Structures are given as C-alpha cells and as structure tokens.
Amino acid sequence: MCDPDHRAVGQFVGGTRSGGRIAARILMGDERPSYRYCPYCRTELSDRLVFGRTRRVCPSCGFVHFVDPKVGVAVLVEHAGKVLLVRRAVAPSQGAWCLPSGFVESDEDPAEAAARECLEETGLHVRITDLLHVGSYRNDPRGAGIIIFYQAQVVGGWLTPGDDADEARFFASHELPTEIAFRSNREILSRWQRGQLVPCPVIRPQ
Ligand SMILES: [Zn+2]
C-alpha cells in the first residue's frame, strides 16, 4: 500500500498537463502540492529550483520531494483462445472490466507483482512469459503512472474473484465486454483481438 500523502500529491500531478505547468503553478502560488512539511524532520518545505524543476525542498535536511509516477503492472492471460478479465469492485472505473492489474510494491520485481496481482484478483497462479508493452498515463485520479503489460500462462489455482475484483472470467475475442476500463487496456485488448501483440521474452537476472 502506498501512503495517502503520496496519492494526494499524485492527484495534483494527474490534474495538470505537464511538469512545466506544475512548476509554474507552484511559482505562482495558486495551487500547492500536498507535502507541506518534511516527512523526515518536520521542517516546513519551500519551493526551490533543483534538478531542472521547481520542487518542494526541506531547507533543514535537504530532502527533495520528487513527484514520481506510480508503477503498475497488468497481465494478459490467454487460455483456450480466451482472455482473462476482472470486473473492478473499486474506483476508478468501478464496474468496468480490465486485465488483472495493480501497483508494484517497492520490494517487488514487476513480473512478480503481476503474478501476485493476478493471483489476488482471480485465484489463478500464472507464470509470466513475455513483456507486451510499457505505457504511461496522467489522467488517473490517483495520479500519474507507468504501467507494464505482461503475458502469462495459467499454471494452477481456481478461478475465484478477490481483492479489487468482484468477478473474474475468460472472454472470447468476439464477446469482450463493452465497458473496458483504462485507455491502455482497451488498446492492448484491441491488439489482442487483431492478433497484433508482439511479445518480448522476459529476461530474468541469473
Ligand atoms: Zn527535513
């Protein structure tokens, strides 16, 4: 789980068009990111131009608040010509369908996170086989992010929805639900329907 303050700052990022505009807003003082005090020494942060942008900096201990994108993972699991989707039980896009997905924890490899999220949301154990796509977004109410799409094979388990999903099932290409959450999911599924995905083998360090 990420801390609420980080998400709040992410919302600030998500509502703007570019980093340059964020800096301009901070300089004008008409909108502020959520971090007001240093999370390490509690000194009030100030705006300084560091590493090419105006950022929140602690004048006491030197902490710099980098508004980093969240890293998410999604997994395309195909079985008998059908693709595994889950129905979202939570906002954003509650009630819409998407690939099993979630955020990467700081101590996880992204491929491990993808397999974990798939297990949590569908009850299925999968083996990550390929990298499909790396995308980014800035229009999510939870903040900007980078999302990594993997392909995986089922190796065990029982299909049971859980965690952020209230339903999980396989869909044939011609019967995909009309309401698919997230632009990147729609693009990946569209390419899957047309047979236009180009898997790249995942290379793991020895
Ligand atoms: Zn400090």
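Residues numbered from 1 in each chain as written. Predicted model: local features only at pLDDT ≥ 70, side-chain atom pairs only at ≥ 80, totals over all residues. Heavy atoms only, no water.

Within the protein chain, the regular secondary structure consists of four helices and 11 strands. Counting across all 206 residues of the protein chain, residues that qualify as buried make up 43%. Surface accessibility of the protein chain: about 11600 Å² in total, with carbon and sulfur atoms responsible for 50%. (Helix = DSSP H or I, 4+ residues; strand = E, 2+ residues; numbered from the N terminus. Buried < 20%, exposed > 50% of the residue type's maximum accessible area, 1.4 Å probe, protein only. Areas by Shrake-Rupley, 256 points an atom, 1.4 Å probe, with all protein chains shown as cover.)

Once that is clear, we can look at helix H3 (residues 110-122). When the terminal C-alpha atoms of H3 are compared, their 18 Å separation across 13 residues agrees well with the 18 Å that a helix rising 1.5 Å per residue should span. The complete set of buried residues in H3 reads Ala 111, Ala 113, Ala 114, Ala 115, Glu 117, Cys 118, Glu 121 and Thr 122. Of the surrounding secondary structure, the elements contacted by the buried residues of H3 are strand S4 (70-79), strand S5 (82-88), strand S7 (101-103), strand S8 (124-137), strand S9 (145-157) and strand S10 (165-171). Between the side-chain oxygen at the start of H3 and the backbone nitrogen of Ala 111 there is a gap of 2.9 Å, and the oxygen is on Asp 109. Looking one or two residues beyond H3, the residue adopting positive phi is Gly 123, at roughly 80 degrees. (Expected span 1.5 Å × (residues − 1). Contact = heavy atoms within 4.5 Å. Polar contact = N/O pair within 3.5 Å; in protein donor to acceptor, adjacent residues only side chain to side chain.)

In this section: a negative patch on the surface. A grouping of Glu 105, Asp 107, Asp 109 and Glu 112 is seen on the molecular surface, where their side chains present a negatively charged patch. With respect to the helices and strands, the residue Glu 112 is situated in helix H3. (Patch = residues over 30% accessible without salt bridge, like charges linked within 9 Å, V, L, I, M, F, W, Y side chains within 5 Å. Salt bridge = Lys/Arg side-chain N within 4 Å of Asp/Glu carboxyl O. Lys, Arg positive; Asp, Glu negative; His and termini not counted. Charge placed at Lys NZ, Arg CZ, Asp CG, Glu CD.)

Inspection of the entire model under this criterion finds three aromatic pairs. Across from the ring centre of Phe 103, 4.8 Å away, lies the NZ or CZ of Lys 70, which sits over that ring. (Phe/Tyr/Trp six-rings, centres within 6.5 Å; stacked < 30°, edge-to-face > 60°. Lys NZ or Arg CZ within 6 Å of the ring centre and 35° of its normal.)

Summed over the entire model, instances satisfying the criterion amount to nine salt bridges. A salt bridge links Arg 36 to Glu 44; the shortest N-O distance between them is 3.1 Å. What makes Arg 36 partly exposed here is its relative accessible area of 48%. Salt bridges here are not isolated pairs; linked through shared partners, they connect Glu 108, Arg 116, Glu 117 and Glu 120.

We now examine the coordination of the zinc ion. The zinc ion binds to the protein through Cys 38 (SG), Cys 41 (SG), Cys 58 (SG) and Cys 61 (SG), with metal-donor distances spanning 2.3 Å. Each donor residue of the zinc ion lies on the same chain, and together they follow the pattern C-x2-C-x16-C-x2-C. Exposure remark for Cys 38: the relative accessible area of 3% places this residue in the buried category. Overall, Cys 41 belongs to the partly exposed group, its relative accessible area being 29%. (Donors = N, O, S within 2.8 Å, 3.2 Å for Na, K, Ca; no water.)

On to unusual backbone geometry. Cis geometry is found at the peptide bond from Ala 91 to Pro 92, where omega equals 0 degrees. As for its placement among the helices and strands, Pro 92 is situated in the loop between S5 and strand S6 (97-98). Phi is positive for Phe 51, close to 50 degrees, though the residue is something other than glycine. Secondary-structure assignment places Phe 51 in the loop between strand S1 (46-50) and strand S2 (53-57). By relative accessible area, which is 67% here, Phe 51 ends up exposed.

With respect to the helices and strands, Ala 114 occurs in helix H3. C-alpha separation for the pair Ala 114 and Pro 100, spaced 14 residues apart in sequence, amounts to 8.0 Å.

With seven of its 10 residues buried, S4 lies for the most part within the structure. Summarising the sheet, S4 and S9 pair through eight bridges and their orientation is parallel. By the bridge assignment, Val 73 is partnered in S9 with Ile 148. Here S4 runs beside S7; their pairing, made up of three bridges, is antiparallel. Bridge assignment links Val 73 to a residue of S7, and that residue is Gly 102. (Pairing = 2+ DSSP bridges.)

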